[in-house]
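# Architecture and fold: a report
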Amino acid sequence: MTSPLEHLAAPEPDGSPSGIWPMNVDRVGGELTIGGVSASDLVAQFGSPLYVIDEGDMRARAHAWKSAIDESFADLAGGDVFYAGKAFLSVAAARWMAEEGLSIDTCSEGELRTAIAAGVPGSKIGLHGNNKSRAEIELALQAGVAHVVVDSLAELALVEQVAGQRGQTAPIVLRVTTGVHAGGHEYISTAHEDQKFGLSISTGAALRAVEETLAASHLELVGLHSHIGSQILAVEAFQAAANAILALRAEISALHGVTVPEIDFGGGYAIRYTVIDDVPPAPLTYTAALAGAVTAHVVESGLAAPRVSIEPGRSIVGPAGITLYTVGTIKNVELEEGSRRYVSVDGGMSDNIRPALYEADYTAALASREPFDEQVRSRVVGKHCESGDILVKDVALSASLGPGDLLAVPATGAYGRSMASNYNMLPRPGVVAVSDGSVKQLIRRETVEDLLTFDEDA
Ligand SMILES: *Cc1c(COP(=O)(O)O)cnc(C)c1O
């Protein structure tokens, strides 16, 4: 069992902020502070539960990815980092990413319009998705997006039609599946064959899409894309996928005499959720491995180096965010192997679905006061009507924990708010950003009144 002390892992010695907690987390008088603001002040002002993002940490992670790409691909053709907005997007967050030199990946009208509202130029926005609507494609082309990542032959035809009607040429990146299977859980592994994403290299669908793109009058083939999953620690998985997609680039050159200008290696870079998790490779380790694959491809094929892009989401915002909860009911359950203390908090699977969806592990720490007294094996659960409504399966927490104490769950910045629901008619928590002792509200907390406005009482 681990103590809360160990959970306050410092930034890594090489300076990359790859710990579990945001870089600007501290304890002052026993109380957890983030960005210089105490947990209790945040909850007093913005309610509980509350998502808190350390702006400096999120910016630093974005910057680290951009620097890593710039460094690793300096002698090749350079590259771009597209922040995967689905991990967490707000207008301010999109603006921060643009300020750090990143582009934004979107995959719906809502994400696209958030990036546009942030003033991100279309040339720094990508559109993804396996089932884009005509309206989404129109909006993307109107905004002049960097590329539309096309997922199927049917979609290729739709984009051709929309681009033709608009009198435009659509920049197309083809999403291919390399057969490389990686990621912590089957549902977040997206490059093997039996799933909904992409155009398979092995069945020939990818090459067919290339032919159709080249033959179309309103499409320009600007790139190939591969995304192999999420929460991937193994650099070799990215290398294997890179080799497969680069081989496809060489084959396209041989077959069609066309050098595809860009290669997008997708996202999926791992973060640490608990101290038991492996420390993930630094951004530069991943990008150096990708650059190695690109260099070998350039040497072997004799083709010009492609411009590259990557799409990290989780690894930028995940560790930058924590969730604060207020403790309510505490119950001891007697088990054969001893007793387990169930600590109920005022949120749950509606603000963090990942444990229920992927059996994701998290940790927690007492935030509102000194946590280092006698520890008790605990399970942190939500307030929803499901026994699977577990936030933290197993964690040592203070024996003196009681109603009104605040708990902090780290590494909830990605896929927390963005996957939140109103299950049990719970209003979704707000999102605040902290930086140098000041707080900004990125997304205001919902109220039950908000939810009732959707009810037409018909
Ligand atoms: C989800 C996704 C990402 C981001 O994944 P992370 O695990 O958050 O880095 C990037 N690209 C595509 C196509 C995705 O579907």
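Here the structure is a predicted model, which is why all the values come from computation and not from measurement.

### Focus on the overall build of the protein
Along its length, the protein carries 13 helices and 21 strands. Seen through its principal axes, the protein has C-alpha atoms that stretch 70 × 55 × 45 Å. Here the protein, with 458 residues, has 56% of them falling under the buried criterion. In the protein, once contacts between residues fewer than 6 apart in sequence are set aside, the share between residues at least 24 apart is 71%. Carbon and sulfur atoms make up 50% of the accessible area of the protein, which totals about 17900 Å².

### Examining the site of the ligand
Taken together, 14 residues form the shell around the ligand, and within it Lys86, Ser230, Glu311, Arg314 and Tyr415 come nearest. One of the side-chain N or O atoms of Glu311 is found 2.6 Å from a nitrogen atom in the ligand. The contact in question runs from an oxygen atom of the ligand to an N or O atom on the backbone of Gly313, over 3.0 Å. Expressed as a share of its isolated accessible area of 390 Å², the protein-covered part of the ligand is 92%. A per-class count over the shell around the ligand returns 3 nonpolar, 7 polar and 4 charged.

### Overview of the sheet that holds strand E2 (residues 31-34)
Taken in spatial order, the 3 strands make up an open sheet running E1-E2-E3, and their pairing is antiparallel. At either margin of the open sheet sits one strand with a lone partner, and together these are strand E1 (25-28) and strand E3 (37-38). Bridging between E1 and E2 involves 4 bridges; their strand directions are antiparallel. From the neighbouring strand, Val28 faces E2, where its bridge partner is Glu31.

### A few points about the pairing of strand E17 (residues 375-381)
Looking along a regular strand, one sees side chains alternate from face to face of the sheet. Both strand E15 (residues 338-345) and E17 contribute to a ladder of 4 bridges, which runs parallel. Bridge pairing in E17 places Arg341 opposite Ser378. Direction of pairing for E17 relative to strand E18 (residues 390-398): antiparallel, over a ladder of 6 bridges. Opposite Val381, over in E18, you have Ile390 as the bridge partner.

### Topic: the environment of Trp21
Assignment of secondary structure puts Trp21 in the loop between helix H1 (4-7) and E1. The class of Trp21 is buried, set by a relative accessible area of 3%.

### Quick look at the environment of Val333
By secondary structure assignment, the location of Val333 is in strand E14 (residues 321-335). Each C-alpha atom, one on Val333 and one on Ser226, is 46 Å from the other, the two residues being 107 residues apart in sequence. Apart from the residues lying within four places of it in its own chain, the contact partners of Val333 are Gly338, Ser339, Arg340 and Tyr342.

### Examining a nonpolar patch on the surface
A contiguous nonpolar surface patch, about 260 Å² in accessible area, is contributed by Met425, Val448 and Leu452. Position of Met425 relative to the elements: it lies in the loop between strand E19 (406-410) and strand E20 (431-435). On the basis of relative accessible area, Met425 is assigned to the partly exposed category, the value being 45%.

### Here we look at helix H4 (residues 91-99)
What sets the pattern is the α-helix's 3.6 residues per turn: residues three or four places apart point alike. Turning to H4, its buried residues number three or more, namely Ala92, Ala93, Ala94, Trp96 and Met97. Where H4 terminates, the next one or two residues include Gly101, which has phi positive at roughly 90°.

### Remarks on the pattern of salt bridges
Tallying each qualifying case throughout the model produces 16 salt bridges. When the shortest N-O distance is used, the salt bridge between Glu99 and Arg59 registers 2.6 Å. Remark: Arg59 occurs in helix H3 (residues 55-72) and Glu99 occurs in helix H4; sequence separation between them is 40 residues. The exposed category is assigned to Glu99, whose relative accessible area is 52%. A single salt-bridge network, built from bridges that share partners, covers Glu55, Arg59, Glu99, Glu100 and Lys440.

### A short note on the side chain of Glu136
Secondary-structure assignment places Glu136 in helix H6 (residues 134-143). Look at Glu136: it is buried, it has no salt bridge, and the nearest opposite charge is Lys132 at 7.7 Å. From its side chain, Glu136 meets the backbone nitrogen of Ser133 in a polar contact 2.9 Å long.

### Focus on the nonpolar core
Counting 84 residues, the largest nonpolar core has Ile53, Met58, Tyr83, Trp96, Met97, Leu174 and Phe265 as its most contacted members. Per-element tally for this core: the top contributor is helix H9 (residues 235-256), with 9 residues. Each of domain 1 (5-54 + 319-452) and domain 2 (56-317) gives at least three residues to this core. Discounting chain neighbours no more than four positions away, the residues touching Met58 are Ile53, Tyr83, Ala93, Trp96, Met97, Ile316, Val317 and Ala320. Of all hydrophobic cores here, the second largest spans 21 residues; its members include Val25, Val43, Leu324 and Val434.

### Some details on the packing of aromatic side chains
Going through the model one piece at a time under the given rule, you end up with 6 aromatic pairs. Between Trp65 and Tyr269, the ring centres sit 4.5 Å apart and the planes meet at 40°, which makes this aromatic pair tilted. On the criterion of sequence distance, the pair formed by Trp65 in helix H3 and Tyr269 in the loop between strand E12 (262-264) and helix H10 (283-301) is long-range, its members being 204 residues apart. Owing to a relative accessible area of 3%, Trp65 belongs among the buried residues under this scheme. Judged by its relative accessible area of 1%, Tyr269 falls in the buried class. With a centroid separation of 5.4 Å and an interplanar angle of 80°, the aromatic rings of Phe238 and Tyr286 are classed as edge-to-face. Taken together, the positions of Phe238 in helix H9 and Tyr286 in helix H10 put the pair 48 residues apart, joining distant regions of the chain. A single burial state applies to Phe238 and to Tyr286, both of which are buried. Chaining the aromatic ring pairs together yields one cluster made of Trp65, Phe238, Tyr269 and Tyr286.

Parameters and conventions
Residues numbered from 1 in each chain as written. Predicted model: local features only at pLDDT ≥ 70, side-chain atom pairs only at ≥ 80, totals over all residues. Heavy atoms only, no water. Helix = DSSP H or I, 4+ residues; strand = E, 2+ residues; numbered from the N terminus. Buried < 20%, exposed > 50% of the residue type's maximum accessible area, 1.4 Å probe, protein only. Contact = heavy atoms within 4.5 Å. Areas by Shrake-Rupley, 256 points an atom, 1.4 Å probe, with all protein chains shown as cover. Near = heavy atom within 4 Å. Polar contact = N/O pair within 3.5 Å; in protein donor to acceptor, adjacent residues only side chain to side chain. Nonpolar A, V, L, I, M, F, W, Y, C, P; charged D, E, K, R; others polar. Pairing = 2+ DSSP bridges. Patch = residues over 30% accessible without salt bridge, like charges linked within 9 Å, V, L, I, M, F, W, Y side chains within 5 Å. Salt bridge = Lys/Arg side-chain N within 4 Å of Asp/Glu carboxyl O. Lys, Arg positive; Asp, Glu negative; His and termini not counted. Core = buried A, V, L, I, M, F, W, Y, C linked by side-chain atoms within 4.5 Å. Domains from an automatic or database assignment. Phe/Tyr/Trp six-rings, centres within 6.5 Å; stacked < 30°, edge-to-face > 60°.

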